[in-house]
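Observations on chain architecture
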Amino acid sequence: QVQLVESGGGLVQTGDSLRLSCAASGRLFSALAMGWFRQAPGREREFVAVINSRGLSTAYADSVKGRFTISRDNAKSTVTLQMNSLKPEDTAVYYCAADRRILSASRYPRDYDYWGQGTQVTVSS
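Not measured: the values here are computed from a predicted model.

**Observations concerning the packing of aromatic side chains**
All told, the structure shown has five aromatic pairs when counted by the stated rule. Taking 5.9 Å as the distance between ring centres and 70 degrees as the angle between the ring planes, the aromatic pair formed by Phe37 and Phe47 counts as edge-to-face. Here Phe47 lies in strand β5 (residues 46-51) and Phe37 lies in strand β4 (residues 33-39), a separation of 10 residues in the sequence. Using a relative accessible area of 0% as the deciding quantity, one classes Phe37 as buried. Here Phe37 and Tyr112 contribute two aromatic rings whose centre-to-centre distance is 5.0 Å and whose plane-to-plane angle is 75 degrees, an arrangement assigned as edge-to-face. Placement of the pair is Phe37 in strand β4 and Tyr112 in the loop between β9 (92-99) and β10 (114-115), with a sequence separation of 75 residues. Ring pairing ties together the aromatic residues Phe37, Phe47, Tyr95, Tyr112 and Trp115, which thus form one cluster. Directly above the aromatic system of Tyr95 lies the positively charged group of Arg45, at a separation of 3.9 Å from the ring centroid. A cation sits over an aromatic face here: Arg45 above Trp115, 4.8 Å from the ring centre.

**Things to note about the sheet that holds strand β1 (residues 4-7)**
Here four strands make up an open sheet; going across it, the order is β1-β3-β8-β7 and the pairing antiparallel. Only two strands of the sheet have a single neighbouring strand rather than two, namely β1 and β7 (68-73). Strand-to-strand twist across the sheet, computed as the mean angle between neighbouring axes with direction ignored, equals 15 degrees. Sheet topology places strand β3 (residues 18-24) next to strand β8 (residues 78-83); six bridges connect them, and they run antiparallel. Directly across from Ser21, in β8, lies its bridge partner Thr80.

**Regarding unusual backbone geometry**
Located in the positive-phi region is Ser85, a residue other than glycine, with phi close to 50 degrees. For Ser85, the position within the fold is in the loop between β8 and β9. Here Leu103, not a glycine, exhibits a phi torsion of approximately 65 degrees, which is positive. The topology assignment puts Leu103 in the loop between β9 and β10.

**Re the nonpolar core**
Among the nonpolar cores identified, the biggest contains 37 residues, and Leu4, Met34, Trp36, Val79, Leu81, Met83 and Tyr94 are the most heavily contacted of them. Elements supplying a minimum of two residues to this core: β3, β4, β5, β6 (58-60), β7, β8, β9 and β11 (119-124). Residues in contact with Leu4, not counting those within four places in the same chain, are Cys22, Ala23, Ala24, Met34, Cys96, Ala97, Ala98, Tyr114, Trp115, Gly116 and Gln117.

Criteria and thresholds
Residues numbered from 1 in each chain as written. Predicted model: local features only at pLDDT ≥ 70, side-chain atom pairs only at ≥ 80, totals over all residues. Heavy atoms only, no water. Phe/Tyr/Trp six-rings, centres within 6.5 Å; stacked < 30°, edge-to-face > 60°. Helix = DSSP H or I, 4+ residues; strand = E, 2+ residues; numbered from the N terminus. Buried < 20%, exposed > 50% of the residue type's maximum accessible area, 1.4 Å probe, protein only. Lys NZ or Arg CZ within 6 Å of the ring centre and 35° of its normal. Pairing = 2+ DSSP bridges. Axes fitted to C-alpha atoms, helices over the stretch in contact; angles between N-to-C directions. Core = buried A, V, L, I, M, F, W, Y, C linked by side-chain atoms within 4.5 Å. Contact = heavy atoms within 4.5 Å.

Such coordinate-based values are descriptive only and should not be taken to indicate function.
Following this line, the structure appears as structure tokens:
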């Protein structure tokens, strides 16, 4: 089983940047597609970004495209979400997730096998 731990959340102002990190246990990391999702109070968990197991392709939600960047370091078993030009509507708990399926790059939470505990991001106006 894969253990995921997010870090890097915090309170920032509109226009600021944050970098979220997710650390994964075990050497299976290099075979996993890794996604970031977020959930605000009263809202469904929504897709933010995904990177495939090779780190060669990425996909983003329209709401964050051009502002957020997902990357991974398979040697360190980490995935990062660089968030720039943050807006109040980015406020949410951000979750790191892993998908074991080969060649996967899913946008849907139900396709992911492992989840971290989440890290809070709050953007004030």
